[in-house]
Amino acid sequence: MFLYINAAWHFQVRRCRDMLKELNITVEEMREVSKAGAGLLKFVVAVLGYCSVAREIKPKREKVSKTEAVECVAALDAFKGIPGAK
């Protein structure tokens, strides 16, 4: 199974958080009921944590990508200015 976490939409993440608040259960409490359920809950909590971090990092990642592209073009232009370079 392939899970593309970066495609999780904001409303999906918000809905999952709301559902977890409604359930008001911890992983330890879930483990007493079901080991499989506890594992799944732990996974969901981890994915939601990843989504919140990814949301903060996304604009920074895009800025770095743009900066790298500008630097690459500048380096290529500088290389073209060197005598004997093609």
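Keep in mind it's a predicted model, so treat the numbers as computed, not measured. (Residues numbered from 1 in each chain as written. Predicted model: local features only at pLDDT ≥ 70, side-chain atom pairs only at ≥ 80, totals over all residues. Heavy atoms only, no water.)

1. Concerning helix α3 (residues 35-80)
Between the first and last C-alpha of α3 there are 63 Å, a value that for 46 residues agrees with the 68 Å anticipated at 1.5 Å per step. I57 marks where α3 bends most, by close to 40°; the proline P59 follows one to four residues later. Those residues of α3 that are buried lie in contact with α1 (10-23) and α2 (27-33). The N-cap of α3, judged by a side-chain oxygen 3.4 Å from the amide nitrogen of A36 a few residues on, is S34. (Helix = DSSP H or I, 4+ residues; strand = E, 2+ residues; numbered from the N terminus. Expected span 1.5 Å × (residues − 1). Bend = angle between axes of the 7 residues up to and from the residue. Contact = heavy atoms within 4.5 Å. Polar contact = N/O pair within 3.5 Å; in protein donor to acceptor, adjacent residues only side chain to side chain.)

2. Here we look at α1
Counted at 1.5 Å a residue, the expected span for α1 with its 14 residues is 20 Å, and the 20 Å between its end C-alpha atoms agrees. Backbone geometry just downstream of α1 places N24 in the positive-phi region, at approximately 50°.

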